[in-house]
Amino acid sequence: MGKRQETEPDDLLALHLAGSMADVFFKNRLREEMRRRIAENPDSDPATVVREIAAYLSERPALKVVAVFAALPGEVNLRTLPMEIERVWVFPKVEGDDLVFHDVRDFDRDLEKGTYGILEPKAELGQIRIEEVDIFLCPGLGFDPKGGRIGRGKGFYDRMLKQARPDALKLGVCFGYQLVEGIVMEEHDVRMNGVIAG
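Residues numbered from 1 in each chain as written. Predicted model: local features only at pLDDT ≥ 70, side-chain atom pairs only at ≥ 80, totals over all residues. Heavy atoms only, no water.

### Concerning the nonpolar core
Counting residues in hydrophobic clusters, the biggest one holds 57 residues, and the most contacted among them are Ile53, Leu78, Leu81, Phe136 and Leu137. At the level of secondary structure, the elements contributing two or more residues to this core comprise helix 1 (9-40), helix 2 (47-58), strand 1 (65-67), strand 2 (88-95), strand 3 (98-103), strand 7 (135-138), helix 3 (156-161) and strand 10 (169-174). Sequence-distant contacts of Leu81, defined by excluding residues within four places in its chain, comprise Val50, Ile53, Ala54, Val68, Trp89 and Leu137. (Core = buried A, V, L, I, M, F, W, Y, C linked by side-chain atoms within 4.5 Å. Buried < 20%, exposed > 50% of the residue type's maximum accessible area, 1.4 Å probe, protein only. Helix = DSSP H or I, 4+ residues; strand = E, 2+ residues; numbered from the N terminus. Contact = heavy atoms within 4.5 Å.)

This is the structure in structure tokens:
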């Protein structure tokens, strides 16, 4: 009868660390690939995605507080979302390692260049608690059909979404070329409830 070999705690830790390093490697390779795709598609038209989001929200009047974002290159520009859809629109602002949200009434007047050169709400605008947000429209470098999301690597959205209400919706927003078959999800990553792509 063969001798059973026990796995030592140190071996388990080594396996875990090796798995974590592999995950980081694959995510970094995917980020490179997504940045390449973005560079190849500089003139992507956000109109289709914006129409789909507007229709989605119009059909769900209970989603009253909507978190949107100011687009970086390769992200869908949501500033043309029809303001006539009666909602409370909130934009993120970087504070240290966190995102906080402010009520924005006028996309042109209420935003200014902030951290990392991203448009952010002006500090004097009313702050909205994360728990008040009904739906988060989330940017990312890529998404998969199961709601996997890969961001830019700083973790702002994952940290913030962990503080959201359990029933708050999380929708990825992207162009069609940013959809991929599968994304490695680590323990700290937060899955989307769905993705709107165009």
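Okay, back to it.
### Some details on the sheet that holds strand 6 (residues 127-128)
Judged by pairing direction, the sheet is mixed, and its seven strands sit side by side in the order 6-3-2-1-7-10-11 without closing on themselves. Each edge of the sheet is formed by a strand with only one pairing partner; in this case those strands are strand 6 and strand 11 (194-197). In the sheet, strand 7 pairs with strand 10 via four bridges, with the strands oriented parallel. Looking at the pairing, Cys138 lines up with Gly172 of strand 10. This element, helix 2, spans strand 1, strand 2, strand 7, strand 10 and strand 11 of the sheet and lies at about 135 degrees to strand 11. (Pairing = 2+ DSSP bridges. Axes fitted to C-alpha atoms, helices over the stretch in contact; angles between N-to-C directions.)

### Observations regarding the pairing of strand 2
The side chains of a regular strand alternate, residue by residue, between the two faces of the sheet. A large share of strand 2 lies buried, amounting to six of its eight residues. Pairing geometry for strand 1 and strand 2, over three bridges, is parallel. In the sheet register, Ala67 faces strand 2, and the bridge partner there is Val90. Across six bridges, the pairing between strand 2 and strand 3 is antiparallel. In the sheet register, Phe91 faces strand 3, and the bridge partner there is His102. Taking the residues that link successive antiparallel strands as the turn, the strand 2-strand 3 hairpin has two residues, and the phi of Gly96 there is positive, at about 65 degrees.

### Considerations on the pattern of salt bridges
Taken as a whole, this structure holds 16 salt bridges when the rule is applied. Here Glu120 makes a salt bridge to Lys93, at a shortest N to O gap of 3.5 Å. Of this pair, Glu120 sits in strand 5 (residues 119-121) while Lys93 sits in strand 2, placing them 27 residues apart in sequence. In terms of burial, Glu120 and Lys93 fall into one category: buried. (Salt bridge = Lys/Arg side-chain N within 4 Å of Asp/Glu carboxyl O.)

### Regarding unusual backbone geometry
At Tyr116, a residue that is not glycine, the phi angle is positive and equals roughly 60 degrees. Along the chain, Tyr116 falls in the loop between strand 4 (111-113) and strand 5.

### Topic: the confidence of the model for the protein
For the protein, the average pLDDT comes to 86, and 88% of its residues sit at 70 or higher. Looking over the protein, one finds the lowest element-wise mean pLDDT in helix 1, namely 70, and the highest in strand 7, namely 98. Note on residues 1-9: pLDDT under 50 across the span, and one contact to partners over four residues away in sequence or across chains. For the stretch residues 11-19, pLDDT sits under 50, and the model shows one contact to residues farther than four places along the chain or on other chains. (pLDDT = per-residue confidence, 0-100.)

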